[in-house]
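Observations on the model geometry
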Amino acid sequence: MESFWSWVWLAAGPSCACIRLLFVIIMQMTLLEIQLVARGRRKSSRSKEAVIAWIRLLMRKRDWSGTDLARNAGISPSTILRALNQPNYEYVFSQRTLEKIARGAGEPLPVHLRDRVTEVDQIGGDNSKWGWQSSSHPYRLIEVRSVSALPVSSHSRVKVSKAEVVPAPFQLEGDETAFAFRNPDEALGLWFRPRALMFATKARDPSGGDLVMLTGKDGRTRVRLLMGISEDGLSLSKSMPAKEDEKVAFNEIKDIAVIVEVVTD
């Protein structure tokens, strides 16, 4: 191909500088297109409107500002703020930037915003559904803890041959106290369905307003909204709107952790 364009270059002659310049530009664009096709990297079909709608959805879900989202994603706030506040601003969000935003928010990158060939799509297997992780990101797997709403005497005696493991959300990757479990009961069915995957941490003590996983000394585990802490114990709610439904004394508690992430789909 280069020999063909070289022949055209000579045929154009020294007096055809503009034509020669045009041929140079076309040749460079052609070679670039060949390289992109060879690498499997085609132009993404994602639109500006789709990207902005997704970013605004993340901000609403997390109750974050554009600056909050940018800081959690590890990118410059101006990258997001200009796109949000300047409709005519010319910008292109790269695949890498979108993956950073997704990981920063602990959410999957929607399929319609991915390039046609992405590292996430090439992972394969069950873990590919966790779109907030990419193969270039060394994510941490954590085991899903087995819990039950029944007392120890009624727990299943069947031993699971292989424990379930899932990738830790981005914000919990460095938390050695973090663990996952599945919602054991239907008490909060209007909020969280039974068996919903939940991530909890013991890196801090719970406080009023936290969603907590509490296991009693009888082995029963429950998910409740912590209304408050007093000398008598914990005030818990399982109602909507929230009200004190249960009172648990400190000496009845075997384990407690703060729930920080719930996978609802």
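Residues numbered from 1 in each chain as written. Predicted model: local features only at pLDDT ≥ 70, side-chain atom pairs only at ≥ 80, totals over all residues. Heavy atoms only, no water.

**Some points on the side chain of Arg-224**
Tracing the backbone shows Arg-224 in strand β6 (residues 221-230). Residue class for Arg-224 comes out buried when judged on its relative accessible area of 5%. In terms of polar contacts, Arg-224 uses its side chain to reach the side chain of Asp-185, at 3.4 Å. Apart from the residues within four sequence positions on either side, Arg-224 is in contact with Asp-185, Ala-187, Leu-188, Asp-210, Leu-211, Val-212, Leu-236, Ser-237, Lys-238 and Glu-246. (Helix = DSSP H or I, 4+ residues; strand = E, 2+ residues; numbered from the N terminus. Buried < 20%, exposed > 50% of the residue type's maximum accessible area, 1.4 Å probe, protein only. Polar contact = N/O pair within 3.5 Å; in protein donor to acceptor, adjacent residues only side chain to side chain. Contact = heavy atoms within 4.5 Å.)

**Topic: a nonpolar patch on the surface**
On the surface, Leu-190, Trp-191 and Met-240 cluster together into a nonpolar patch covering about 340 Å² of accessible area. Residue position: Met-240 is located in the loop between β7 (233-237) and β8 (246-248). Among the residues examined, Met-240 registers a relative accessible area of 46% and is labelled partly exposed. (Patch = residues over 30% accessible without salt bridge, like charges linked within 9 Å, V, L, I, M, F, W, Y side chains within 5 Å. Areas by Shrake-Rupley, 256 points an atom, 1.4 Å probe, with all protein chains shown as cover. Salt bridge = Lys/Arg side-chain N within 4 Å of Asp/Glu carboxyl O.)

**Things to note about the packing of helix α4 (residues 66-73) against helix α6 (residues 95-105)**
Packed helices, taken two at a time, are described by their axes: the angle between them and the distance between them. At a minimum axis distance of 7 Å, the contact between α4 and α6 shows a crossing angle of 100 degrees. Classed by the angle they form, the pair α4 and α6 counts as roughly perpendicular. Packed against α4, whose contacting residues are Leu-69, Asn-72 and Ala-73, the element α6 presents Lys-100, Ile-101, Gly-104 and Ala-105 at the interface. (Axes fitted to C-alpha atoms, helices over the stretch in contact; angles between N-to-C directions. Parallel < 35°, antiparallel > 145°, perpendicular 65-115°, else oblique.)

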